[in-house]
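Close look at the chain arrangement
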Amino acid sequence: MAKDEDFTVNAPVKRLKGALPKIGIRPVIDGRRKGVRESLENQTMAMAKSAADFLSKNLRHPNGLPVECVIADTCIGGVAEAAMAAEKFAREGVGVSLTVTPCWCYGTEVMDSDPLLPKAVWGFNGTERPGAVYLAAALAGYNQIGLPAFGIYGRDVQDRDDNSIPQDVQEKLLRFAKAGLATAEMKGKSYLSMGSTSMGIAGSVIDPHFLKNFLGLRTEWVDMSEFTRRMEEKIYDEAEFERALAWVKQYCPEGEDINKPEIRSSRQRKDLEWRMVVQMAMIARDLMTGNPELNKIGRAEEAMGHNAILAGFQGQRQWTDHFPNGDFMESILNSSFDWNGIRQPFILATENDALNGAAMLFGHLLTDTAQIFADVRTYWSPDAVKRVTGKKLTGPASDGIIHLINSGSATLDGTGLQAIVGKPAMKPFWEITPEETRKCLEATRWCQAELEYFRGGGYSSQFLTRGGMPVTMSRINLVAGLGPMLQIAEGFTVDLPDDVHETLNRRTSPTWPTTWFAPALTGSGAFRDVYSVMANWGANHGAISYGHIGDRLITLASMLRIPVAMHNVSPERMYRPSAWSAFGTQDPEGADYRACRNFGPLYGK
């Protein structure tokens, strides 16, 4: 019987080295003394405090810890005070810069000149002082010297003593701050490549220049033989391993074995594989973030880990032709829970696809939730479904569906058995209940790997995602001569009648997790129909995040200078630095390409 203590919500913990980034608030002011500045001091500082209070109350880091704001010690009326604020921000570990003002200021004298800090300017919409005039002047100055900044300006005029933040300003503050924090969370961390290239998949040809220049990540490599070394020399916490194995036996029931009877593994072999896949999960985690328990067995070097915010496991084929596959390891680490309770998911890419892993990381940093890794496997047209099943697709699936399925490596959060206001969802770990965790596990079976694919065996997760979840599929691709580009498709998971699902699912491996996805159509371009979405998708993998977060991805991509190649986000939801409009207002997608090429990757070429 399940026990609540097996699913306790862990307290937030900082598991990566380096300080958590903070938001720096810069109250800038008209520097003229003898009346002007003095009359504005209280209002300007109150505006900064209001912004700091709002952001601190509404944002968390993905590890659950609160986001801190740092306010400059004084209002900034000139270059000396700007330098003082920059010094304080560097000392305090600020990763995002927000300038606020209700009035005219001396634009270039008070600006933030740090090229690596994402920056925005909030100009108060009031009639007493020209905050809007300063905002326009400041953005022109940032654009002129090549430091793109986001503009924030409320739609409606406020009274000068009104310290409330209008709803439209709140939305821009949150979107800017969360995306800015995402860039800062990545900076200086690692991508850990466990193994090398998987079956010639281009995304697993690791490009350290992309990771460094665009994401601020260093690249670390270990050979997959490091897993066998740690298994054979018992370089893991043996007490935790026994506890993990008991938890797995209780909460991870086996599913069907579809292998031919003559080649099925023995019970003894299957039990050995269970031990190995649990060890693999622990070892991969320790490789990513370290484990102080290893110090107790004299393994100080291994205890440190690689400070990896993101990792990938090659697996196929050199590993999986001989050892159990990485499906259990990837599924359980990507989930928001394991034998240690409910905790922040790790971000681990199947087949070492670092490009899909990067998209997963974006989704995690922007939503704080677990991410689904899947093959963008098959487009099922309404006619094809009718021919194969005799049934007509209806409701959200009526225009056709895309079968998202991969070899059992998707997060168990992807079952959709968490809930927000009674509707299926994927939530930050600190909001997940023990009951929801049990439901995710109960909906999952662990099927013996198909030995034709995986000669070394292993276990693949088998579940069906509940319909009705708003989700966003994204993917980064590298294109010669262009560099990275991002694709985005918002849509919904859908339910199919049981017999229709069973018929379609049995045409590929039924032992893997399935998500039926219906992208939202716009009637034009890549979203004129579901077939066009599938036909324009740039690779065989996609990262699926809970919620319609295409607008957030677009904001983050603009900070990193990654153009967005296709998306179905409405124009009024798109938010990019003000400089982007200088590259064209009639064709936002083309302007995005031109702006990204002009300014270049955030961390240098």
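What comes next is a walk through the structure. As the structure is a computational prediction, the values presented were derived from the model and not from experiment.

Glancing now at the overall build of the protein. Per the secondary structure count, the protein includes 18 helices and 22 strands. Against the compact-globule benchmark of 25 Å for 605 residues, the protein has a radius of gyration of 25 Å, which places it among compact chains. Burial analysis of the protein (605 residues in total) assigns 60% to the buried set. Entry remark: accessible area of the protein is about 23300 Å², with carbon and sulfur atoms responsible for 51%. Averaging the locations of the 65 positively and 71 negatively charged side chains of the protein gives two centres separated by 2 Å.

Cis geometry marks the peptide bond from Gln 316 to Arg 317; its omega dihedral reads -5°. Note that Arg 317 resides in the loop between β8 (308-313) and α11 (327-334). Phi is positive for Asp 368, which is not a glycine, with a value near 70°. For Asp 368, the position within the fold is in the loop between α12 (354-367) and β12 (372-380). The backbone phi angle of Val 421 is positive, close to 50°, even though this residue is not glycine. By secondary structure assignment, the location of Val 421 is in the loop between β14 (418-420) and β15 (423-425).

Moving on: the sheet that holds β8. The four strands are arranged β7-β6-β8-β11 in an open sheet whose pairing can be described as parallel. Only two strands of the sheet have a single neighbouring strand rather than two, namely β7 (218-222) and β11 (348-350). On average, each strand axis in the sheet is inclined to that of its neighbour by 20°, with strand direction left out of account. Bridge count between strand β6 (residues 190-194) and β8: five bridges; the pairing is parallel. Looking at β8, one finds that Met 194 is bridged to Phe 313.

The subject of this paragraph is α12. Between the first and last C-alpha of α12 there are 20 Å, a value that for 14 residues agrees with the 20 Å anticipated at 1.5 Å per step. Within α12, 14 of the 14 residues are buried, leaving the element largely enclosed by the surrounding structure. Asp 368, located one to two residues past α12, shows a positive phi value of around 70°.

Moving on, we come to the side chain of Thr 511. Structurally, Thr 511 is set in the loop between α15 (498-505) and β20 (514-519). A polar contact is formed between the side chain of Thr 511 and the side chain of Ser 509, at a distance of 2.9 Å.

A complete count under the given rule lists 40 salt bridges for this structure. In this structure, Asp 368 and Lys 178 form a salt bridge, with 2.9 Å as the shortest nitrogen-oxygen distance. Here the residue Asp 368 occupies a position in the loop between α12 and β12, and Lys 178 occupies one in helix α5 (residues 167-186), the gap between them amounting to 190 residues. Accessibility assignment for this pair places Asp 368 and Lys 178 in one class, buried.

Spatially, the five strands line up as an open sheet ordered β2-β1-β3-β4-β5, and their pairing is parallel. At either margin of the open sheet sits one strand with a lone partner, and together these are β2 (69-71) and β5 (150-152). Strand-to-strand twist of the sheet, defined as the mean angle between neighbouring strand axes without regard to direction, takes the value 25°.

Per the stated rule, a full pass over the model turns up eight cavities of 30 Å³ or more. By volume, the largest cavity is sized at about 240 Å³. Together, 22 residues line the largest cavity, and Leu 16, Asn 63, Glu 185, Ile 309 and Gln 344 are the ones closest to its centre. Secondary-structure elements contributing two or more residues to the lining of the largest cavity are α9 (267-289), β8 and α12. Of the residues forming the lining of the largest cavity, the biggest block, three residues, is contributed by α12. Its residues assigned to classes, the lining of the largest cavity shows twelve nonpolar, six polar and four charged. Roughly 110 Å³ of volume is contained in the second largest cavity. Every residue along the wall of the second largest cavity is listed here: Pro 115, Leu 117, Pro 118, Lys 119, Leu 147, Pro 148, Phe 150, Met 559, Arg 561, Pro 577 and Leu 602. Residues of the lining of the second largest cavity, tallied by class, amount to nine nonpolar, no polar and two charged.

Further remarks concern the pairing of strand β19 (residues 483-493). Along β19, nine of the eleven residues are buried, which leaves the element largely enclosed by surrounding structure. In terms of strand pairing, strand β18 (residues 470-479) meets β19 through ten bridges, oriented antiparallel. Within β19, the residue paired with Met 473 across the bridge is Ala 489. The hairpin turn running from β18 into β19, its antiparallel successor, is three residues long, and Gly 481 in that turn takes a positive phi close to 85°. Across two bridges, the pairing between β19 and strand β22 (residues 564-566) is parallel.

Here we take up the packing of aromatic side chains. On inspection of all chains with the given rule, the structure shows 22 aromatic pairs. On the numbers, 4.1 Å between centres and 15° between planes, the contact of Trp 274 with Tyr 459 is stacked. Of this pair, Trp 274 sits in helix α9 while Tyr 459 sits in strand β17 (residues 459-462), and the two are 185 residues apart along the sequence. Each member of the pair, Trp 274 as well as Tyr 459, is classed as buried. Here Phe 313 and Trp 319 contribute two aromatic rings whose centre-to-centre distance is 6.0 Å and whose plane-to-plane angle is 80°, an arrangement assigned as edge-to-face. Of the two residues, Phe 313 and Trp 319, neither departs from the other in class, the shared state being buried. Aromatic ring contacts, followed pair by pair, group Phe 7, Trp 247, Tyr 251 and Trp 339 into a single cluster.

In this section: the packing of helix α8 (residues 238-251) against α9. Two elements in contact, α8 and α9, have axes separated by 10 Å at closest approach and are oriented at 125°. In terms of orientation, α8 lies oblique with respect to α9. Viewed along their axes, α8 and α9 form a crossing whose handedness is right-handed. Here Glu 240, Phe 241, Glu 242, Ala 244, Leu 245 and Val 248 of α8 come into contact with α9, specifically with Trp 274, Arg 275, Val 278, Gln 279, Met 282 and Arg 285. Among the residues forming the contact of α8 with α9, the class breakdown is seven nonpolar, one polar and four charged.

The rules behind each value
- Residues numbered from 1 in each chain as written.
- Predicted model: local features only at pLDDT ≥ 70, side-chain atom pairs only at ≥ 80, totals over all residues.
- Heavy atoms only, no water.
- Helix = DSSP H or I, 4+ residues; strand = E, 2+ residues; numbered from the N terminus.
- Rg over C-alpha atoms; globule rule 2.2 N^0.38 Å.
- Buried < 20%, exposed > 50% of the residue type's maximum accessible area, 1.4 Å probe, protein only.
- Areas by Shrake-Rupley, 256 points an atom, 1.4 Å probe, with all protein chains shown as cover.
- Lys, Arg positive; Asp, Glu negative; His and termini not counted.
- Charge placed at Lys NZ, Arg CZ, Asp CG, Glu CD.
- Pairing = 2+ DSSP bridges.
- Axes fitted to C-alpha atoms, helices over the stretch in contact; angles between N-to-C directions.
- Expected span 1.5 Å × (residues − 1).
- Polar contact = N/O pair within 3.5 Å; in protein donor to acceptor, adjacent residues only side chain to side chain.
- Salt bridge = Lys/Arg side-chain N within 4 Å of Asp/Glu carboxyl O.
- 1 Å grid on protein atoms, 1.4 Å probe; cavity = no way out; pocket = protein on both sides within 12 Å on 5 of 7 lines; lining within 4 Å.
- Points joined across faces, edges and corners; volume = space filled by probe spheres on them.
- Nonpolar A, V, L, I, M, F, W, Y, C, P; charged D, E, K, R; others polar.
- Phe/Tyr/Trp six-rings, centres within 6.5 Å; stacked < 30°, edge-to-face > 60°.
- Parallel < 35°, antiparallel > 145°, perpendicular 65-115°, else oblique.
- Left-handed = near helix turned anticlockwise from the far one by under 90°.
- Contact = heavy atoms within 4.5 Å.

All quantities given are derived from atomic positions and should not be read as evidence of function.
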